[in-house]
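Residue-level listing of the chains:
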Amino acid sequence: MAARGPQTAQQRDRTDQRAEFLLGALASAVLVLIAFMIAFVFAKAWPSFAHNGLDWFGAGGNVDEQLTGIFNSPADPSDYVYTLHAWPLIYGTALITGAAVLLGTLVSLLSAMFIVEFAPGWIRAILQPVVRLLAAVPSVIYGLIGIIVLVPFFGNHVIGPARKESVQYVIQLDGSSILVGTLVLTVMITPIMIAITVDALRSVPRNWTEGAAALGVNRFRALRTVGLRAARPAIVAAAILATARALGEAIMLSMVTGSVAFAPNPLDGVTFFFEPTRTLAAQIVEGAEGLSVKPFGQTMYAFAALLLISSAFLSFGGWLARRSMRKYTLAPR
Amino acid sequence: MSAHAQTRLPTGLIGRIRGSDSWSVGDRIGLAAAWGAGILLCLIAAAIVLYMLVRGVQYLSLELLFSHPQPGLDQSKSGGFLDPLQGTLALTVIATLIAAPVGVGIAVWLTEYGRPAWLARAVESGVEIVAGTPSIVLAIFGLLVFQEGIFSFLSYEATPGVSFGRSFFIAGMIMSLIALPLVVGASREALHSVPRHVREASYALGKDRISTIRRVLLPASRRGIGTGVALGMGRIVGDTAIVVVLLGATLQNDPQGGIPGLGFLQGTGSTLTTYVYNNSPVGEGGSPEKAYAAAFVLLLIVIGLNFVIDMITRGRGPSWTR
Amino acid sequence: MTWNRPLAVVAAVAASAALAVPAAATAKPTITMSGSTSVAPLAALLAKKYISVCKGCVSFKLLQGGSDVGISDVASGRVTIGNASRDPKPSDPGGLVFNKIAHDAVCIVTNKSNPLPGIDEAGVQAIFGGSVRSWSSVPGSSASGTIDTFTRSPASGTQDAFQKIFLGSTKVFSGSSQKASNGLVQQSVKADPNGIGYVSLSFSDGLHTVPYKGVACTERNAKSGQYGGQRNLYMVTRGPAKGAARAWIKWITKRSAAAAIVNTEWVSLQ
């Protein structure tokens, strides 16, 4: 941008207005597309919610039997079957997503601190491509490694026959479980959090952490108390993205959590970790073969609608959290 | 002053202040845990790569990279994966070229302008809602939208008024949606990390807002934007559902119409990810060893593409505090 | 640079003609197929043979996406043929004709370490229905411990066939692990010594197939009809098949060259 000469205030305003308008139009166009998608999903999902009311979210009966009933509905639209009580799926999703995000946040914070402060130069140089590589491994591969390595390991060598027998009339403990699902999901979502947290830690003003060091605080503590606190909005943003990723993960979880519509019972003690479940996204992917059967398709869209609502709540929660943290940074807004 | 010294605390000085040992037990455990986490990451990545290499090595030959996949019952006769390879590269580039500018544009608008406030909030939420949608839902939605006749220039017209609804163009556009939240998120954080006084200094020098963004803020947040694009690209590379539904997952890339470049983009095809999906135990399981070999090649491509992104967004930007 | 207007017009016309020429040049009909991933390998092999037999009289475009995408595609006219591996349901879109092209034998499989010598209808219903949960109660089994059953999701054609033919009115055990594809069931039973499941015949490598009602699950028994458990593979058209698609489907169901291909891993209708 060579000699344009000094701009008048008016010229500056005009170019600014134009730029703001164009960027705003771009953002609005994307918003319109997304809103269209949300409306589409909800419109398709409505009959399933309408027929079940609040019972849709409750427990009762076997989800698979209910889905089979829906799939085999008679041809007459007024006879369509919609009965569904989706609680096991909702609970399973919440359980696995929550556990993976908690575990992932812990691991990513530690890894980010390691990368930023403690790693020797050569390890740091490999770790950045490693993190990006892990973020790009297809979920199919994670699923394959899960079912070929992890599930048989747990099923044949960790879970004893006595434990399997104790619950055999209710479910089977063949290794595919919420434990394996949570572990693999954590590995999938942690790279996202690490990458964003590392960037945030690196941009903490140097004199803040140096001030802490000057007061005699050791490196770890300085980073933990000053660096992490300053980077908190970014950590929240990263956690939101990771949670959203976890909610939408379908293929890997359907392979590795056993895909049984069962609500794991924490009161079972250690067995709780080995119990199978199924998440909403995994259910959608498994039911994708039957979308052209109207009531079944509408039920699948209802699951998708619930995921969209959860993401909306997540987004709102993140906004609230970040708003209260802004005063600790030098950020503009 | 080297780049490292700018972010790390001057350890030499601290180490010599030995008045009281400032490392409590909790801090030591924390340090060990941090080391553990870092090493664990490396081990997991190495394990994944090695596993695929070992499983696929017997079929991994240069010939695989250059021969087309053929229908066949036997692994040895089913050809290589040239077409899926081209498909991965083409689709990733298209989708990233859409997602990156759009994502950075949205991030800039959200951070620097963001008026009216309700619109900014809506855009933020919209992007985060897309982040939580399973890709199969986006794929089915894309099929519905793009089957309208007006979009038939993006693929071709199957019957009058009904567009085929599947092509590299269409798959690329929907794929960019799944990368968008990551690009927007990381870019926003990068822009936020540029302190307020930098912008104020720029305005004080007489620059208008858009020039400040172009000349000062974007170059400074280059690294964060690079992170976002790399993460988004990772998501694009790893997706199966959108490719199966919106690209067709045909065995060979099938250009539509006579013009070489345009025809390819309007045609159907497959990617390495769907090749792995189809040939592994998850799909039809025809050629599992080749699936692993393809997965290994896919990881090499990812490393390469990440390297390119790093080259483009190189530099850690200036430091704002001295 | 000043544009010579007539020259620009001629150039524009030539460019649009170049765009239009490819459309006109394809006088050869194209059959587009999309749908089931289980039918896709069979369709690919048949297409390859058909092209060589009729000397390139038609060109094929074979996509995937799942039975549902195939059915909705053909219902809206996007493709000529939709491949489906499940039976028609009452609430499918109207006006579709499901043309059967092949059978697919469904075998009950166990881990190689547990070669069950045979099973009857009552046994299948007891195991998959959940009333018998321990291998020690199953006559002839060499495994001990809890039975791990692997089934398919309700929307799957294999599951549909299994339910209709083997289970009848018994409901599937609520605790059984649902897998999304044949390959996954195969993998799970391979990795679990206490596993039992059902797969298409072509997926029984590395597993022990259990003879049902005394009849082994082999290609030959399926062909002769002795082995009862078979599911149908369909090519769906909007209304009865016409033109090139009709000739193609007729070739598959009537010609011996097609039967030879189908009989490699599936069961031909002829």
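Residues numbered from 1 in each chain as written. Chains lettered and ligands numbered in written order. Predicted model: local features only at pLDDT ≥ 70, side-chain atom pairs only at ≥ 80, totals over all residues. Heavy atoms only, no water.

K.L.:
Mind showing me how you'd approach the pattern of salt bridges here?
P.N.:
Oppositely charged side chains are able to pair whenever their charged atoms sit close together. Evaluated as defined, the whole model comprises 22 salt bridges over all chains. Arg221(A) is the partner of Asp27(B) in a salt bridge, and the nearest nitrogen-oxygen pair spans 3.1 Å. On the criterion of chain membership, the pair formed by Asp27(B) in helix H3 (residues 25–56) and Arg221(A) in helix H9 (residues 219–230) is interchain, its members lying in two chains. Take Arg221(A): its relative accessible area is 32%, and that puts it in the partly exposed class. A salt bridge links Asp160(C) to Lys164(C); the nearest nitrogen and oxygen atoms lie 3.9 Å apart. Of this pair, Asp160(C) and Lys164(C) both sit in helix H5 (residues 157–167), four residues apart, which is roughly one turn of the helix. (Salt bridge = Lys/Arg side-chain N within 4 Å of Asp/Glu carboxyl O. Helix = DSSP H or I, 4+ residues; strand = E, 2+ residues; numbered from the N terminus. Buried < 20%, exposed > 50% of the residue type's maximum accessible area, 1.4 Å probe, protein only.)

K.L.:
Would you mind showing me how to read the confidence of the model for chain B here?
P.N.:
Close reading of the predicted structure is inappropriate where its pLDDT is low. Residue and element names in this part refer to chain B. Here chain B averages 82 in pLDDT, while 86% of its residues score no lower than 70. With pLDDT under 50 throughout, residues 1–6 is counted as low confidence; its partners more than four residues away or in other chains account for eight contacts. Overall, residues 13–20 carries pLDDT values under 50, and its contacts beyond four positions in sequence, including any with other chains, amount to one contact. (pLDDT = per-residue confidence, 0-100. Contact = heavy atoms within 4.5 Å.)

K.L.:
Is there a simple way to explain the interface of chain B and chain A in this structure?
P.N.:
By a widely used convention, the size of an interface equals the accessible area lost when the partners come together. The interface of chain B with chain A comprises 109 residues on the first partner and 106 residues on the second. When chain B packs against chain A, the two sides together hide about 9500 Å² of surface, and 70% of this comes from carbon and sulfur. Along the contact surface separating chain B from chain A lie six salt bridges. The salt bridge involving Asp310(B) is made with Arg132(A); its shortest N-O contact spans 2.7 Å. Residue contributions to the side of chain B that touches chain A peak at 17 residues, all from H3(B). For the side of chain B that touches chain A, the class distribution of residues is 60 nonpolar, 29 polar and 20 charged. (Buried area = accessible area lost by both parts, 1.4 Å probe. Nonpolar A, V, L, I, M, F, W, Y, C, P; charged D, E, K, R; others polar.)

K.L.:
What should I look at first to understand the packing of aromatic side chains in this one?
P.N.:
A ring pair, where both rings are aromatic, is described by two values, the distance of the centres and the angle of the planes. Residues and elements named next belong to chain C. Tallying each qualifying case throughout the model produces 29 aromatic pairs over all chains. Here Tyr50 and Phe60 contribute two aromatic rings whose centre-to-centre distance is 6.1 Å and whose plane-to-plane angle is 65°, an arrangement assigned as edge-to-face. Of this pair, Tyr50 sits in helix H2 (residues 39–53) while Phe60 sits in strand S2 (residues 59–62), and the two are ten residues apart along the sequence. Phe60 carries the same exposure label as Tyr50, and that label is buried. Between Phe60 and Trp248, the ring centres sit 4.6 Å apart and the planes meet at 55°, which makes this aromatic pair tilted. Here Trp248 lies in helix H8 (residues 243–254) and Phe60 lies in strand S2, a separation of 188 residues in the sequence. Across the pair, exposure class does not vary: Phe60 and Trp248 are buried alike. Taken together through their ring pairs, the aromatic side chains of Phe128, Phe162, Phe166, Tyr198 and Tyr212 make up a single cluster. (Phe/Tyr/Trp six-rings, centres within 6.5 Å; stacked < 30°, edge-to-face > 60°.)

K.L.:
What exactly am I supposed to notice about the state of the cysteines here?
P.N.:
Disulfides are covalent bonds that connect the sulfur atoms of two cysteines. All names here are of chain C. Counted according to the given criterion, the structure contains two disulfides over all chains. Sulfur-sulfur distance for the disulfide between Cys54 and Cys57 comes to 2.0 Å. Between Cys54 and Cys57, the S-S torsion sits near -95°, and that sign places the bridge as left-handed. With cysteine numbering restricted to those in disulfides and following the sequence, chain C has the pairing 1-2, 3-4. (Disulfide = S-S within 2.5 Å.)

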